[in-house]
Amino acid sequence: RFERLNFAINKFLEQNYENFEIIVVDNNSDKVNYKLLQEKYPNVKFIILPVNIHLQAFDFGVMEAKGDILWRTDDDSNPRDKDAFSKVNQIFQKYSDIHIIATEIIEPLHSNSVQKWYQKPYDQNNFPEEGIPTNHFMGCGAAIRREVYEKIGGFWGFGLEEVEFSTRAIINGYNIRFFPNIVIEHYVSYSKDSRVFKWLVMAKQQTRYHAKYFRQPKAFLRFLTILLFQNFEAITISVPFNKLLEGNFGMFYSYFNARNYERVQLSKEMEKKITFNENLFISLFKHHLFRFYNFYNNFRKKIKK
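The paragraphs below set out a description of the structure included in this document. Every value quoted in this text rests on a predicted model; they were computed, and no experiment measured them. (Residues numbered from 1 in each chain as written. Predicted model: local features only at pLDDT ≥ 70, side-chain atom pairs only at ≥ 80, totals over all residues. Heavy atoms only, no water.)

1. Considerations on helix α9 (residues 241-261)
- An ideal rise of 1.5 Å per residue puts 30 Å on 21 residues; α9 measures up with 30 Å between its terminal C-alpha atoms.
- All buried positions along α9 are accounted for by Gly247, Asn248, Gly250, Met251, Ser254, Tyr255, Ala258 and Arg259. Seen end-on, α9 carries its buried residues on one side only, within an arc spanning 155 degrees. Facing away from the buried surface of α9 by more than 90 degrees, the exposed residues are Phe241, Asn242, Phe249, Tyr253, Asn260 and Tyr261.
- Its buried side turned inward, α9 meets α7 (192-213) and α8 (218-236). (Helix = DSSP H or I, 4+ residues; strand = E, 2+ residues; numbered from the N terminus. Expected span 1.5 Å × (residues − 1). Buried < 20%, exposed > 50% of the residue type's maximum accessible area, 1.4 Å probe, protein only. Arc of directions from axis to C-beta. Contact = heavy atoms within 4.5 Å.)

Spelled out as structure tokens, the structure:
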């Protein structure tokens, strides 16, 4: 963690746009020598929390930040190019109706593969000057006008937090645009433990999100769709049986809890707006297509044996 954070800070300091500040919020980590970092980076502000509060730690950074633009990132992510912040500033200066900037995400530890978070086709070298309309962003690299954060509040916690934040932003009249020419390096690793943990969290949070924002019977149909795909994913990543039970119980609990205590009444038009009128089944199928392919090939090999 220390090496990765040190690398990320250096990459941010290489930005050719000078009017920015770096605030590091630590969630009670025991793997980072902050005394050494503070000596090395006297102009970086470090906030050390006594307990791990997950995504809510971002709120502490916002409270300390002085600028009008917030850069949402993680310790394993950084801009690839030195002009990323310059591009962000130019976009916000020119387009007052753009409130959140989403970026292209690549994974250097996995052959620089592009994270397929934006599922519609686009040309990285030929897209509208005002960006590509989107209904969400990836949290490892995104620019948010401060007014958005102050109006709608912070992230709801780990798991689908960018989508849920984006939904509240859209409901409040804010616009999100995707700029593929602003590239973020995400040094993500995939251990089995991290996959199982993420599966547990996403199973609950996906259910919670769809139960919160969609009317019946659509909300329940979406819940069944999530239940299907989450259990398929659990099989492909070999989730232990006790965690499988925990995840399924969590999905049912999250659904009914959100319906009873968090539900937001949206019109049909707003539902279409926050989903870009995409079919959830098709969207999840596309997301899991590579997983389907690998599962099918492994299944065939086992049959032949």
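Additional details are given in the paragraphs that follow.
2. Details of the pattern of salt bridges
- Within this structure, the stated rule accounts for 15 salt bridges.
- Across the salt bridge formed by Lys11 and Glu14, the nearest N and O atoms sit 3.9 Å from each other.
- Here Glu246 makes a salt bridge to Lys243, at a shortest N to O gap of 3.7 Å. One end of the pair, Glu246, and the other, Lys243, are both in helix α9, three residues apart, so they sit about a helical turn from each other.
- On the accessibility criterion, Glu246 (34% relative accessible area) is partly exposed.
- Residue classification places Lys243 among the partly exposed residues on the basis of a relative accessible area of 29%. (Salt bridge = Lys/Arg side-chain N within 4 Å of Asp/Glu carboxyl O.)

3. Structural notes on the packing of aromatic side chains
- Inspection of every chain in the model, using the stated rule, returns 25 aromatic pairs.
- Note on Phe58 and Phe155: the rings are 5.7 Å apart at their centroids and 70 degrees apart in plane angle, and the pair reads as edge-to-face. Remark: Phe155 occurs in the loop between α5 (146-152) and α6 (161-171) and Phe58 occurs in helix α3 (residues 57-64); sequence separation between them is 97 residues. Here Phe58 matches Phe155 in class, with each residue buried.
- Judged by centre distance (5.2 Å) and plane angle (50 degrees), the ring pair of Tyr209 and Tyr213 falls under tilted. With a gap of four residues between them, Tyr209 and Tyr213 both fall in helix α7, about one helical turn apart. Of the two residues, Tyr209 and Tyr213, neither departs from the other in class, the shared state being buried.
- The residue whose ring lies beneath Arg72 is Phe58, and the NZ or CZ to ring-centre distance is 6.0 Å. (Phe/Tyr/Trp six-rings, centres within 6.5 Å; stacked < 30°, edge-to-face > 60°. Lys NZ or Arg CZ within 6 Å of the ring centre and 35° of its normal.)

4. Looking at unusual backbone geometry
- Omega for the bond connecting Gln216 with Pro217 falls within 30 degrees of zero, at 0 degrees, which places this linkage in the cis form.
- With respect to the helices and strands, the residue Pro217 is situated in the loop between α7 and α8.
- Positive phi, close to 60 degrees, is recorded for Ser111, a residue that is not glycine.
- As for its position among the elements, Ser111 is in the loop between β5 (100-107) and β6 (113-114).
- Classification of Ser111 by relative accessible area gives exposed; the value is 74%.

5. As for the packing of α6 against α7
- The contact between α6 and α7 brings their axes to 11 Å, and the two run at 20 degrees. As the angle between them shows, α6 and α7 are arranged roughly parallel. The handedness of the crossing between α6 and α7 comes out as right-handed. Counting all contacts with α6, which are made through Val163, Glu164, Thr167, Arg168 and Ile171, the residues of α7 involved are Tyr209, Lys212 and Tyr213.
- Broken down by class, the residue content of the contact of α6 with α7 amounts to four nonpolar, one polar and three charged. (Axes fitted to C-alpha atoms, helices over the stretch in contact; angles between N-to-C directions. Parallel < 35°, antiparallel > 145°, perpendicular 65-115°, else oblique. Left-handed = near helix turned anticlockwise from the far one by under 90°. Nonpolar A, V, L, I, M, F, W, Y, C, P; charged D, E, K, R; others polar.)

6. As for the layout of surface pockets
- As a volume, the second largest pocket reaches approximately 190 Å³.
- Lining the second largest pocket are Leu13, Gln15, Glu18, Phe20, Glu21, Ile22, Tyr41, Asn43 and Val44.
- Considered class by class, the residues forming the lining of the second largest pocket number five nonpolar, two polar and two charged. (1 Å grid on protein atoms, 1.4 Å probe; cavity = no way out; pocket = protein on both sides within 12 Å on 5 of 7 lines; lining within 4 Å. Points joined across faces, edges and corners; volume = space filled by probe spheres on them.)

7. Quick word on the pairing of strand β8 (residues 141-145)
- Most of β8 sits out of view: five of its five residues are buried.
- Summarising the sheet, strand β3 (residues 69-73) and β8 pair through five bridges and their orientation is antiparallel. When the bridges of β8 are listed, Ile69 appears paired with Arg145.
- As defined by bridge partners, β5 adjoins β8 across three bridges and the pair is classed as antiparallel. Across the sheet, the residue bridging to Ile100 is Ile144, located in β8. (Pairing = 2+ DSSP bridges.)

8. Observations regarding the packing of α7 against α9
- Relative orientation of the contacting elements α7 and α9 amounts to 20 degrees, with a least axis distance of 8 Å. Relative to α9, α7 is oriented roughly parallel. In the packing of α7 onto α9, the handedness of the crossing is right-handed. Each of Val196, Trp199, Leu200, Ala203, Lys204, Thr207, Arg208, Ala211 and Lys212 in α7 lies in contact with α9, whose residues at this interface are Lys243, Leu244, Glu246, Gly247, Asn248, Gly250, Met251, Ser254, Tyr255, Ala258 and Arg259.
- Tallied by class, the residues present in the contact of α7 with α9 amount to nine nonpolar, five polar and six charged.

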